[in-house]
Amino acid sequence: MTNGYAAPVLRWYAANARDLPWRRDDASAWSVLVSEIMLQQTPVARVLPAHAAWLARWPTPPSLAAAAPGDAVRQWGRLGYPRRALRLHAAARILTEDHNGRVPASLPALRSLPGVGGYTAAAVASFAFGQRHAVLDTNVRRVLARLVRGEELPPRSASAAEARLAESLLPAVPGRAARWSVAVMELGALVCTATRPDCASCPVARRCEWRRAGHPAGPQRPGKPRYQGSDRECRGRLLGILREAAESGQAAELTDGRYALPGPAPVAPKLSVRGRDSSQPRTTLPGA
């Protein structure tokens, strides 16, 4: 497919892109990898200070690998899903031991790292190394669903058809393809948003099939479950307490019903956690 959208989208991106540290010309591949792990299910505004603090403390994979896993969990703070911190720490050890302390450029090597799936590998290979890969995050999928297929929202899970479409729209030159991918991502984040798309500001609005069709609504989707009063809120509060009390790792339930971070550590506060119905078993503390 000939990509007639690339030129206007790239011009728009050049004039409107946010100045994010992992997008700068001097950003390391490690900075890009850290940002992609942090941006999984966490908005940019919350990631920005966390990313800066993380890179200030651990500017390279070997510097993180030399730290304890619990240090990574505590530094992760309130970004949520702290298992990501442990996976990033494990990835740093692999990079140190198997890749001379560097982030690899190849997709298979990236995919072999803990916490790195297909999307993250493609994003790092594209944004850190200027390679030509389809990068299908939520924003890109939404833009392509509207622009090409005339649908308000993409399916819940990425499909093979979406991947083929994204691949067909990649410019032939790798560097331009990488810039196209990040430009479409930015367009979805700033203009073609999920609930309030600003079609008047869209550089390809005249070519948008969804706009031409009169913005038809897609199927109704159930809302996200509430955080307040949920098990996730409970786990987050417990982890906040335990993060300050121990030496390494994730929170785990001990045999006597208490909770602590694994590894040599002080005895954790005795925290018995039950649901609203006291007949329910204690809540465990997975890292994500």
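Here's what I pulled together on the structure shown here. Note that the coordinates shown come from a computational prediction; the quantities given were computed from them, not determined experimentally.

1. Side note on the environment of Ala-52
Inference 1: Topologically, Ala-52 is positioned in helix 3 (residues 44-57).
Inference 2: Given a relative accessible area of 46%, Ala-52 falls into the partly exposed group.
Inference 3: Considering only alpha carbons, one finds Ala-52 and Pro-21, 31 residues apart in sequence, at a separation of 8.3 Å.

2. Here's the deal with the packing of helix 8 (residues 118-129) against helix 11 (residues 174-190)
Inference 1: Contact geometry of helix 8 with helix 11 gives a least axis separation of 9 Å together with a crossing angle of 120°. Judged on the interaxial angle alone, helix 11 and helix 8 are oblique. For the pair helix 8 and helix 11, the crossing hand works out as left-handed. Across the interface between the two elements, Tyr-119, Ser-126 and Phe-127 of helix 8 pack against Ala-178, Ser-181, Val-182 and Met-185 of helix 11.
Inference 2: A class-by-class count of the residues in the contact of helix 8 with helix 11 yields 5 nonpolar, 2 polar and no charged.

3. Some thoughts on the pattern of salt bridges
Inference 1: Summed over the entire model, instances satisfying the criterion amount to 7 salt bridges.
Inference 2: The closest approach of N and O atoms between Glu-186 and Arg-18, which form a salt bridge, is 2.7 Å. Residue Glu-186 is located in helix 11, and its partner Arg-18 is located in the loop between helix 1 (6-16) and helix 2 (29-38); the two are separated by 168 residues in the primary sequence.
Inference 3: Take Glu-186: its relative accessible area is 0%, and that puts it in the buried class.
Inference 4: Residue class for Arg-18 comes out partly exposed when judged on its relative accessible area of 29%.
Inference 5: We note a salt bridge from Arg-149 to Glu-151, for which the minimum N-O separation is 3.2 Å.
Inference 6: Connected through shared salt-bridge partners, Arg-18, Arg-23 and Glu-186 make up one network.

4. Focus on unusual backbone geometry
Inference 1: Even without a glycine there, the phi angle at Tyr-81 is positive, about 50°.
Inference 2: When you line up the elements, Tyr-81 lands in the loop between helix 5 (69-76) and helix 6 (83-98).
Inference 3: Phi is positive for His-215, which is not a glycine, with a value near 55°.
Inference 4: Its place among the elements puts His-215 in the loop between helix 12 (209-212) and helix 13 (231-242).
Inference 5: Look at His-215 and you get partly exposed, because its relative accessible area is 35%.

What counts as what
Residues numbered from 1 in each chain as written. Predicted model: local features only at pLDDT ≥ 70, side-chain atom pairs only at ≥ 80, totals over all residues. Heavy atoms only, no water. Helix = DSSP H or I, 4+ residues; strand = E, 2+ residues; numbered from the N terminus. Buried < 20%, exposed > 50% of the residue type's maximum accessible area, 1.4 Å probe, protein only. Axes fitted to C-alpha atoms, helices over the stretch in contact; angles between N-to-C directions. Parallel < 35°, antiparallel > 145°, perpendicular 65-115°, else oblique. Left-handed = near helix turned anticlockwise from the far one by under 90°. Contact = heavy atoms within 4.5 Å. Nonpolar A, V, L, I, M, F, W, Y, C, P; charged D, E, K, R; others polar. Salt bridge = Lys/Arg side-chain N within 4 Å of Asp/Glu carboxyl O.

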